[in-house]
Amino acid sequence: MLRTDCLVVGAGPAGLTAARLLALKGRTVVVADSGAARTTRLELLAPASLGTVAALGLEHLLGDPVIARGCLGIRRTRRSGEHDYQDFLRHPCRIGYVVDRARFDERLRDEAVAAGVTFCGLRAIGVTSDRGIICRASDTARTVLVLAEIVLDATGRAAAVARRWGARVAARDRMVAELVEDAAIDGTDDSASWLGYLSDGPSWSYRIHGPQGRVQNWRIRASGTPARHALLSVDASACILSQAAGEGWVAVGDAAMAFDPIASQGLFNALSSALVVSGALLSTNRLSPAAARLYSDAVTATFAHCEAGRFSIYNTKSLFRP
């Protein structure tokens with residue numbers, strides 16, 4: 001049996017960030033890392049996210065040309081051939097960044113270790129009546145019971161812990177992102193670039209330029225439409241849990257609500273939710289029922305706002321009504 005103040009299940013940016021913040025303030029933190037394949041895609045951090053990055057003390061990561069490349073904005077081409085631009089120069093921060101997730105997550109992990117976070121090769125497979133987490137060791141068949149004052153579900157869209165404690169997926173639009181190109185064009189060019197959006201009706205594609213000349217082309221389609229050849233396919237559904245926190249647990253990042261992973265709020269949501277949850281937990285080891293409801297309501301309101309924004313920009317059907 002393992003005891004800790006905080007158990008973080010999942011080692012993506014939300015889990016790593018929350019673990020680091022809690023450890024820096026003296027909490028004992030264990031991250032249950034199943035050893036799943038690391039994310040290798042490029043993702044956009046829009047200017048609106050940079051205040052959160054600064055609050056987390058992570059600006060230096062965006063200043064590393066191996067991790068991030070400046071982005072001037074989003075250039076959209078409609079099916080009709082019409083063009084429009086979201087120019088980041090109009091925002092007070094004046095620029096966004098395209099982040100190499102594999103390198104970004106690796107640095108987040110290094111900083112969590114430096115803060116005193118303990119990593120264990122564990123995968124959550126069940127829960128107990130007294131809010132314990134049953135885990136299976138990655139290297140053996142043995143099981144380990146973990147007891148924690150608070151459990152953070154950072155397992156992504158699976159929401160593996162929250163759903164075992166009664167939360168359900170309240171809305172999902174079932175989209176798939178397919179990587180159709182992943183190439184190094186010019187490793188010497190680190191100038192800021194545009195993210196390209198091209199719509200062909202029910203599906204659309206992104207062309208995104210990352211650090212060290214890396215370029216990816218992603219096609220987004222409904223899961224029920226025919227698949228075409230792709231290097232990689234990932235879930236791109238926008239979805240939200242019916243509740244994002246409860247007695248002894250709280251969901252962060254994609255486990256609470258998820259978006260289009262390439263050009264939407266995915267990475268921003270991971271970082272901002274980790275910041276909010278860590279701040280709440282540092283005032284107490286457990287979320288009160290009132291605080292859990294408040295956090296869940298905030299997640300719902302944020303998701304509804306993002307859905308409304310998606311509808312206004314892309315004319316897609318909003319899948320959620322609060």
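Calculation criteria
Residues numbered from 1 in each chain as written. Predicted model: local features only at pLDDT ≥ 70, side-chain atom pairs only at ≥ 80, totals over all residues. Heavy atoms only, no water. Salt bridge = Lys/Arg side-chain N within 4 Å of Asp/Glu carboxyl O. Helix = DSSP H or I, 4+ residues; strand = E, 2+ residues; numbered from the N terminus. Buried < 20%, exposed > 50% of the residue type's maximum accessible area, 1.4 Å probe, protein only. Pairing = 2+ DSSP bridges. Expected span 1.5 Å × (residues − 1). Axes fitted to C-alpha atoms, helices over the stretch in contact; angles between N-to-C directions. Parallel < 35°, antiparallel > 145°, perpendicular 65-115°, else oblique. Left-handed = near helix turned anticlockwise from the far one by under 90°. Contact = heavy atoms within 4.5 Å. Nonpolar A, V, L, I, M, F, W, Y, C, P; charged D, E, K, R; others polar. Arc of directions from axis to C-beta. Polar contact = N/O pair within 3.5 Å; in protein donor to acceptor, adjacent residues only side chain to side chain.

Re the pattern of salt bridges
Summed over the entire model, instances satisfying the criterion amount to 17 salt bridges. With its nearest N and O atoms 3.2 Å apart, the salt bridge here joins Asp64 to Arg107. A residue pair is termed long-range when its members are at least 10 positions apart, and Asp64 in the loop between helix H3 (59-62) and strand E4 (68-77) and Arg107 in helix H4 (residues 101-115) qualify at 43 residues. Residue class for Asp64 comes out partly exposed when judged on its relative accessible area of 22%. A relative accessible area of 27% means that Arg107 is categorised as partly exposed. A salt bridge links Arg157 to Asp235, with the nearest nitrogen and oxygen atoms 3.9 Å apart. With Arg157 in the loop between strand E10 (143-153) and strand E11 (169-172) and Asp235 in strand E16 (residues 232-235), this residue pair connects regions lying 78 residues apart in the sequence. Given the relative accessible area of 35%, Asp235 is considered partly exposed. One network of salt bridges, in which partners are shared, links Arg41, Glu43, Arg101 and Asp105.

A short note on the sheet that holds E11
Sheet strands line up and pair through hydrogen bonds in the backbone, either parallel or antiparallel. Ordered in space as E11-E17-E20, the three strands form an open sheet in which the pairing is antiparallel. Of all strands in the sheet, those bounded by a partner on one side alone are E11 and strand E20 (257-258). The pairing of E11 with strand E17 (residues 239-241) spans three bridges and is antiparallel. In the strand pairing of E17, Arg172 is matched with Cys239.

Some remarks on helix H5 (residues 266-281)
The first and last C-alpha atoms of H5 sit 22 Å apart over 16 residues, in line with the 22 Å expected at 1.5 Å per residue. Considered for burial, the residues of H5 that qualify are Gly266, Leu267, Asn269, Ala270, Leu271, Ser273, Ala274, Val277, Ser278 and Leu281.

As for the packing of helix H1 (residues 13-24) against H4
One way to put it is that H1 packs onto H4 with a least axis distance of 9 Å and a crossing angle of 20°. With respect to each other, H1 and H4 are oriented roughly parallel. Of the two possible hands of crossing, H1 and H4 adopt the one that is left-handed. Residues Pro13, Leu16, Thr17, Arg20, Ala23 and Leu24 of H1 lie in contact with H4, whose contacting residues are Arg101, Asp105, Leu108, Arg109, Glu111, Ala112 and Ala115. Of the residues contributing to the contact of H1 with H4, the split by class is seven nonpolar, one polar and five charged.

Concerning H4
End to end, H4 covers 21 Å across 15 residues, agreeing with the expected 21 Å (1.5 Å per residue, within 8%). Every buried residue belonging to H4 is among Arg101, Phe104, Asp105, Leu108, Glu111, Ala112 and Ala115, and all of these are buried. Down the axis of H4, the smallest arc covering the buried residues is 120°, so these residues share one side. Pointing more than 90 degrees away from the buried face of H4 are the exposed residues Glu106 and Ala114. Here H4 starts with a cap whose side-chain oxygen sits 3.2 Å from the backbone nitrogen of Ala102, and that cap is Asp100. One or two positions beyond H4, positive phi appears at Gly116, with a value near 105°.

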